Amino acid sequence: MKFTIPFLMAMLPAVSVAQSQSGAASGVPSVAIPKTTEVLVIETPRQGVTAQQIMAVIPSEIRATVKLYLDGKIRQWYSRGDGKGVIFLVDAKTEDEARAMMETLPLAKKQLMDHQYIPVGPLMPLRALVGPEAEQ
């Protein structure tokens, strides 16, 4: 038991990489692939879009984004550290659900932003800490 935590910590990088690949393609058992609980959305301005075009829409974008946050649909939001956009963690079970939500925002309606959707879920190696009964 005293080696369990160090072993799991050593395995986290490898399992995280395995989680990012599809189970069928990588040979990772489906139990290692998490159930999607949220979708990470990365928004960046489209090529050729100017700051002035974005700033013209920002007041309505902020109001619509705050409404989604207050409705519990956006759980967290961040500015990218490189200043090239924003990141949302949205309450969605699929990429399509997240896409439908993000397409309601003014910047998306005006097609000023590109979106990248990444489904995320629980860190699956943690199941090993609680045993087989946790896999139900």
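Cut-offs and rules
Residues numbered from 1 in each chain as written. Predicted model: local features only at pLDDT ≥ 70, side-chain atom pairs only at ≥ 80, totals over all residues. Heavy atoms only, no water. Phe/Tyr/Trp six-rings, centres within 6.5 Å; stacked < 30°, edge-to-face > 60°. Buried < 20%, exposed > 50% of the residue type's maximum accessible area, 1.4 Å probe, protein only. Pairing = 2+ DSSP bridges. Helix = DSSP H or I, 4+ residues; strand = E, 2+ residues; numbered from the N terminus. Axes fitted to C-alpha atoms, helices over the stretch in contact; angles between N-to-C directions. Contact = heavy atoms within 4.5 Å. pLDDT = per-residue confidence, 0-100. Lys, Arg positive; Asp, Glu negative; His and termini not counted. Salt bridge = Lys/Arg side-chain N within 4 Å of Asp/Glu carboxyl O.

It is worth spelling out the packing of aromatic side chains at this point. Under the definition given, this model contains one aromatic pair. Taken together, a centroid distance of 5.4 Å and an interplanar angle of 10 degrees make the contact between Tyr69 and Trp77 stacked. The partly exposed category is assigned to Tyr69, whose relative accessible area is 39%.

Attention now goes to the sheet that holds strand β4 (residues 113-120). Taken together, four strands build an open sheet; the order of strands is β2-β3-β1-β4 and the sheet is antiparallel. Single-partner strands in this sheet number two, and they are β2 (74-79) and β4. Within this sheet the neighbouring strands show an average axis-to-axis angle of 20 degrees, counted without direction. Where strand β1 (residues 38-45) lies against strand β3 (residues 86-90), five bridges are found, and the strand directions are antiparallel. Residue Glu43 lies in a different strand from β3, and its bridge partner there is Val86. Relative to the sheet, helix α3 (residues 51-70) contacts β1, β2, β3 and β4, its axis offset from that of β2 by approximately 145 degrees. Strand contacts of helix α4 (residues 95-102): β1, β3 and β4, with the helix running at about 145 degrees to β4, the strand carrying the most contacts.

The subject of this paragraph is the confidence of the model for the chain. On average, residues of the chain score 82 in pLDDT, and 72% of them reach the 70 mark or higher. Taken as a whole, residues 3-8 scores under 50 in pLDDT and shows five contacts with residues more than four places along the chain or in a different chain.

Quick look at the pairing of β2 now. Two faces belong to every sheet, and in a regular strand the side chains alternate between them. Two elements, β2 and β3, share five bridges in a ladder whose sense is antiparallel. Opposite Ile74, over in β3, you have Val90 as the bridge partner. The antiparallel hairpin formed by β2 and β3 contains six residues in its connecting segment, where Gly83 sits at a positive phi of about 75 degrees.

For the rest of this paragraph, the subject is unusual backbone geometry. A negative phi angle characterises most non-glycine residues, just as the trans form characterises most peptide bonds. Despite not being glycine, Gln111 shows a phi value in the positive range, around 55 degrees. Topologically, Gln111 is positioned in the loop between α5 (106-109) and β4. Of the residues examined, Gln111 reaches a relative accessible area of 54% and is grouped as exposed.

With that out of the way, let us pick up the side chain of Glu43. You can see Glu43 is positioned in strand β1. Buried charge without a partner: Glu43 forms no salt bridge, and the closest opposite charge is Arg80, 10 Å away. Setting aside residues up to four positions removed in sequence, Glu43 forms contacts with Glu61, Arg80, Lys84, Gly85, Val86, Phe88, Met102, Leu105, Met113, Asp114 and His115.

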